[in-house]
Amino acid sequence: MKEYKYILTIAGHDPSGGAGITSDIKTFEAHGFYGLSVCTAITIQNDIDFKDCIWTDPKVILSQIETLFERFEISIVKIGIIQSWATLLLILNKLHALNSEVKIVLDPIIKATAGFDFHSQESQDLLDEIWEKCYIITPNYNEIQLLYPHLDIEETLEHIASKTNIYLKGGHRTDKKGWDELYHSGIVMVNIPPNATKISEKHGSGCVLSSSLACNIASELDLEDTCKAAKYYTEQFLNSNESLLGTHTKIHKEEI
Ligand SMILES: Nc1ncnc2c1ncn2[C@@H]1O[C@H](COP(=O)(O)OP(=O)(O)OP(=O)(O)O)[C@@H](O)[C@H]1O
Ligand SMILES: Cc1ncc(CO)c(N)n1
């Protein structure tokens, strides 16, 4: 079995530590991996109020990625907020050029729950190329509807699932809150229901889920078990305390 040590996150900085690179690295370390990070944006936010975002120059992002790959063997990358779909494609192309086997978990953040638009809807032609370069994408219920406004959810899922795996997060669902779904190999749908009856909701839960997923992919479980383990970890984290920011608890490889 391939030995993975490092996981890279390419995402924004949230000073509250609930979301973004700080949260990702805490999650990686709790799963026993060494976290590397490239910061795509400095954000001005706390856990309830997103005020602004200052983007990193894409040249700096690419150059930091190259420099990390010169030194570390990186096979799994999580991607969070990125300025535009065009910049995202540049990053994906760079990652594949540096490691043709790289597995990418993309959290396609379009809107912060606390209110801030990251992407406009203009460059949709790029989307198919983007999905094909990712191993799995992790939109929430709002994001999946924003990706292709002219399609309904089923049509959107079917379209994207023909190109990549989708972990659809259900934290914002009004019908079945906390019910997630995995779409893979075309359109096989797997329900991932909540494990706990009561969940203490927290800012940044989506970042924890996608980072845990990246770690579990490194552990080479099958995709359905990978997703179920990430959902379980996220709920443990959400229920770690009743405050808005959670506590990461170290888990051991045998628990994944
Ligand atoms: N009330 C809840 N009950 C069960 N699971 C939940 C609940 N809220 C969030 N989750 C879980 O947390 C994870 C993140 O889901 P969510 O849809 O909130 O993502 P997100 O919108 O990207 O996160 P954020 O709200 O931090 O931006 C999912 O696995 C989801 O099922
Ligand atoms: C930096 C950052 N990434 C992602 C999100 C979405 O939770 C956020 N609020 N902030």
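Conventions and cut-offs
Position labels on residues start from 1 in each chain and follow its written sequence. Throughout, the order in which chains and ligands are written sets their labels, letters from A for the former and numbers from 1 for the latter. Residue-level local features of this predicted model are given only where pLDDT is at least 70; pairs of side-chain atoms are given and counted only at 80 or more, and the full residue set underlies all totals for whole chains, interfaces and linings. Under the DSSP-based scheme used, a helix requires at least four consecutive residues in state H or I and a strand at least two consecutive residues in state E, with every element numbered from the N terminus. Using C-alpha atoms as the atom set, the radius of gyration is obtained and then compared with a globule rule of 2.2 Å times the number of residues to the power 0.38. With C-beta atoms placed from the backbone, a residue is buried if 20 or more other C-beta atoms are within 10 Å of its own, exposed if 12 or fewer are, and partly exposed between those counts. Residues are treated as contacting if the C-beta atoms built from their backbones sit within 7 Å of each other. Strands qualify as paired when DSSP identifies two bridges or more between them. Crossovers are described as right-handed under a simple rule: with the strands pointing away from the observer, the path leading from the first strand over the helix to the second runs clockwise. Expected span of a helix: the number of residues minus one, times 1.5 Å. Confidence scores per residue from the predictor, reported as pLDDT, run from 0 to 100. A set of buried residues drawn from Ala, Val, Leu, Ile, Met, Phe, Trp, Tyr and Cys, joined through C-beta atoms within 7 Å, is what defines a nonpolar core. Throughout this description, a residue near a molecule or strand is one whose C-beta atom, derived from the backbone, lies within 6 Å of it. Only Asp, Glu, Lys and Arg are considered charged in this grouping, and only Ala, Val, Leu, Ile, Met, Phe, Trp, Tyr, Cys and Pro are considered nonpolar; every other residue, Gly among them, is considered polar. In this analysis an axis means a line fitted to C-alpha atoms, helices contributing only their contacting stretch, and an angle means the value between N-to-C directions, from 0 to 180 degrees. Angles below 35 degrees are treated as roughly parallel, those above 145 as roughly antiparallel, those between 65 and 115 as roughly perpendicular, and all remaining angles as oblique. Left-handed describes a crossing in which the near helix is turned anticlockwise from the far one by less than a right angle; the clockwise case is right-handed.

Asks: Mind showing me how you'd approach the overall build of the protein chain here?
Replies: Within the protein chain one finds 8 helices and 11 strands. Over its C-alpha atoms the protein chain spans a radius of gyration of 17 Å, differing by no more than 12% from the 18 Å that the globule rule assigns to 256 residues. The dimensions of the protein chain, computed from C-alpha atoms along their principal axes, are 45 × 45 × 40 Å. Relative to its 256 residues, the protein chain shows a buried fraction of 41%. Sequence separation of 24 or more characterises 69% of the internal contacts of the protein chain that already satisfy a separation of 6 or more.

Asks: When you look at the pairing of strand β2 (residues 34-45) in this model, what are you seeing that I'm missing?
Replies: Here is the key point about a regular strand: its side chains alternate between the two faces of the sheet. Where strand β1 (residues 6-13) lies against β2, 7 bridges are found, and the strand directions are parallel. Bridge pairing in β2 links Ile7 to Gly35. With helix α1 (residues 20-30) bridging β1 and its parallel neighbour β2, the resulting β-α-β unit is right-handed. When β2 meets strand β3 (residues 50-55), the two strands line up antiparallel, connected through 5 bridges. By the bridge assignment for β3, Thr43 is matched with Cys53. Between β2 and β3, which follow one another and run antiparallel, lie 4 residues.

Asks: Looking at this structure, I do not really get helix α8 (residues 223-238). What am I missing?
Replies: Residue pairs spaced three or four apart in an α-helix point in one direction, given the helix's 3.6 residues per turn. Helix length check: α8 (16 residues) gives 23 Å between terminal C-alpha atoms against 22 Å at 1.5 Å per residue, within 8%. Along α8, the positions that sit buried rather than exposed are Thr226, Cys227, Ala229, Ala230, Lys231, Tyr233, Thr234, Gln236, Phe237 and Leu238. On its buried face, α8 sits against β9 (165-168), β10 (180-184), β11 (188-192) and α7 (205-218).

Asks: Where do I start with the confidence of the model for the protein chain in this structure?
Replies: A low pLDDT score tells you not to read the predicted coordinates there in detail. When pLDDT is averaged along the protein chain, the result is 90, and 92% of the positions lie at 70 or above. Interface scoring of the predicted complex returns ipTM 0.98; its pTM is 0.95.

Asks: Mind showing me how you'd approach the nonpolar core here?
Replies: Side chains of nonpolar character tend, in soluble globular proteins, to be buried together. One finds Ile7, Ile10, Ile79, Ile91, Ile104, Leu213 and Ala214 to be the most contacted residues of the largest nonpolar core, which totals 56 residues. The contact partners of Ile79, leaving out residues within four places of it in the chain, are Ile10, Ala11, Ile91, Ile104, Leu106 and Asp107.

Asks: When you look at the site of ligand 1 in this model, what are you seeing that I'm missing?
Replies: Neighbouring residues of ligand 1: 21 residues in total, closest Lys169, Gly171, Gly178, Ile199 and Gly206. Looking at the shell around ligand 1, the elements that each hand over two or more residues are α7 and α8. Each residue belonging to the shell around ligand 1 can be placed in one class, and the counts come to 4 nonpolar, 11 polar and 6 charged.

Asks: I keep staring at the environment of Ser240 and nothing clicks. Help me out?
Replies: In this fold, Ser240 is placed in the segment after α8. For the pair Ser240 and Ile199, spaced 41 residues apart in sequence, the C-alpha to C-alpha distance is 9.7 Å.

Asks: Help me understand the packing of α1 against α7 in this model?
Replies: Helix-helix packing is characterised by the crossing angle of the two axes and by the distance between the axes. It is the contact of α1 with α7, at a shortest axis distance of 9 Å, that shows an interaxial angle of 40°. By the angle class used here, α1 and α7 are oblique. α7 is crossed by α1, and the crossing has right-handed handedness. Contact with α1, carried on its side by Gly20, Ser23, Asp24, Thr27 and Phe28, involves Cys207, Val208, Ser211, Ser212 and Cys215 of α7 and no other residues of that element. Broken down by class, the residue content of the contact of α1 with α7 amounts to 4 nonpolar, 5 polar and 1 charged.

Asks: Sorry if this is basic, but what is going on with the environment of Asp225 here?
Replies: As for its placement among the helices and strands, Asp225 is situated in helix α8. For Asp225, a count of 12 C-beta atoms within 10 Å translates into the label exposed. Separated by 48 residues in the primary sequence, Asp225 and Lys177 place their C-alpha atoms 21 Å from one another.

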